[in-house]
Amino acid sequence: MSEAILKTVNVTRRFPVAGSEDFVAVNGVSLEIPRGCLAILKGRSGSGKTTLMNMLGALDFPSDGQIFFCGEDITKWSEAKREMLRREKIGFVFQSVSLIPMMSAYENVEFALRMAGIKKNRKERCEECLKLVGLGGRMHHMPQEMSGGEQQRVAIARAMAHRPGIIFADEPTAELDSATAVNVINLFREMVEKENVTIVMTTHDTSLMGAGDVVFELEDGRLL
Ligand SMILES: Nc1ncnc2c1ncn2[C@@H]1O[C@H](COP(=O)(O)OP(=O)(O)OP(=O)(O)O)[C@@H](O)[C@H]1O
Ligand SMILES: [Mg+2]
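Residues numbered from 1 in each chain as written. Chains lettered and ligands numbered in written order. Predicted model: local features only at pLDDT ≥ 70, side-chain atom pairs only at ≥ 80, totals over all residues. Heavy atoms only, no water.

Student: Help me understand the side chain of Thr8, please; the structure alone is not making it clear to me.
Tutor: With respect to the element layout, Thr8 can be found in strand β1 (residues 4–17). Polar side-chain contacts of Thr8 include one of 2.9 Å to the backbone oxygen of Val29. Residues in contact with Thr8, not counting those within four places in the same chain, are Val29, Ser30, Leu31, Leu56, Gln66 and Ile67. (Helix = DSSP H or I, 4+ residues; strand = E, 2+ residues; numbered from the N terminus. Polar contact = N/O pair within 3.5 Å; in protein donor to acceptor, adjacent residues only side chain to side chain. Contact = heavy atoms within 4.5 Å.)

What follows is the structure, encoded as structure tokens:
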């Protein structure tokens, strides 16, 4: 039984609302995500998926509760240490594509490697990741010269290039057609199996749930 890569204990996130009580977006969530799995976070719009994921990925702090990454409580870490964690150990894929527009597909992936402080074999790794997402023939295209689905695949290559222990993907398939969405999920499965990375993704798409090793469902901020 492998240790959980991520564990939350009673995580709550409240947002202040002008002229009324705080809004509780995530409410007392305790969960464990095993290492080397594809975990799916599902739930209706507004159920708290992005809010929870932002805390899991050290982009936001819980109002209450603890988050353990490889057994360490990251809510107690300094911002500098959390930033190092994000750069070196975590990969992010956001719903709306966030490539740097002045950089080619290749340069976008290479930039992530530089940010993570990786000096060796950068070229080989960039090419390997872009080939893995099926873009071996588009490496030197600029973002605006690629389709939305291709840009999303560059974002996936960028998220995995520095071999993070965990990748967070928020609705990575929302803007893709169903065939491309299935390709992305198959790619995630392949990454989990070949690179032993842990992937946490959110989705609305019920047809994709079967691909997850674990599925967590949120309703009004609570885990079902
Ligand atoms: N900064 C904020 N201030 C106040 N309320 C917020 C803030 N961020 C999110 N919320 C509220 O918290 C709830 C959860 O939002 P969240 O973005 O986590 O939902 P979600 O499950 O990701 O939804 P979707 O599927 O639409 O992306 C929503 O009702 C939202 O309005
Ligand atoms: Mg969301």
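What follows continues from the structure just given.
Student: So what exactly am I meant to see when it comes to the environment of Val17 here?
Tutor: Mapped onto the elements, Val17 comes out in strand β1. Taking relative accessible area as the criterion, Val17 reaches 36% and is therefore assigned partly exposed. Separated by 56 residues in the primary sequence, Val17 and Asp73 place their C-alpha atoms 28 Å from one another. Apart from residues lying up to four places away in sequence, Val17 is in contact with Asp22 and Phe23. (Buried < 20%, exposed > 50% of the residue type's maximum accessible area, 1.4 Å probe, protein only.)

Student: Got a minute to help me understand the layout of surface pockets in this structure?
Tutor: To find leftover empty space, a probe the size of one water molecule is rolled over the atoms. Its volume calculated, the largest pocket comes out at about 390 Å³. What lines the largest pocket is a set of 17 residues, and nearest its centre among them are Arg86, Ile90, Phe92, Ala112 and Arg158. Those elements giving two or more residues to the lining of the largest pocket turn out to be α2 (79–89), β6 (90–93), α3 (105–115) and α5 (148–160). A per-class count over the lining of the largest pocket returns ten nonpolar, three polar and four charged. (1 Å grid on protein atoms, 1.4 Å probe; cavity = no way out; pocket = protein on both sides within 12 Å on 5 of 7 lines; lining within 4 Å. Points joined across faces, edges and corners; volume = space filled by probe spheres on them. Nonpolar A, V, L, I, M, F, W, Y, C, P; charged D, E, K, R; others polar.)

Student: Whenever I open this one, the site of ligand 1 confuses me. Can you help?
Tutor: Around ligand 1 sit 13 residues, and of these Ser45, Gly46, Lys49, Thr50 and Thr51 come closest. At 2.8 Å, a side-chain N or O of Thr50 approaches an oxygen atom of ligand 1. In this structure, Thr51 approaches ligand 1 through a side-chain N or O atom, which is 2.6 Å from an oxygen atom. Summarising the interface, the protein chains cover 62% of the accessible area of ligand 1, which totals 640 Å² for the free molecule. Considering each element in turn, the shell around ligand 1 owes the most residues, three residues, to helix α1 (residues 49–56). (Near = heavy atom within 4 Å. Areas by Shrake-Rupley, 256 points an atom, 1.4 Å probe, with all protein chains shown as cover.)

Scope: geometric values only; no functional claims are made or implied.
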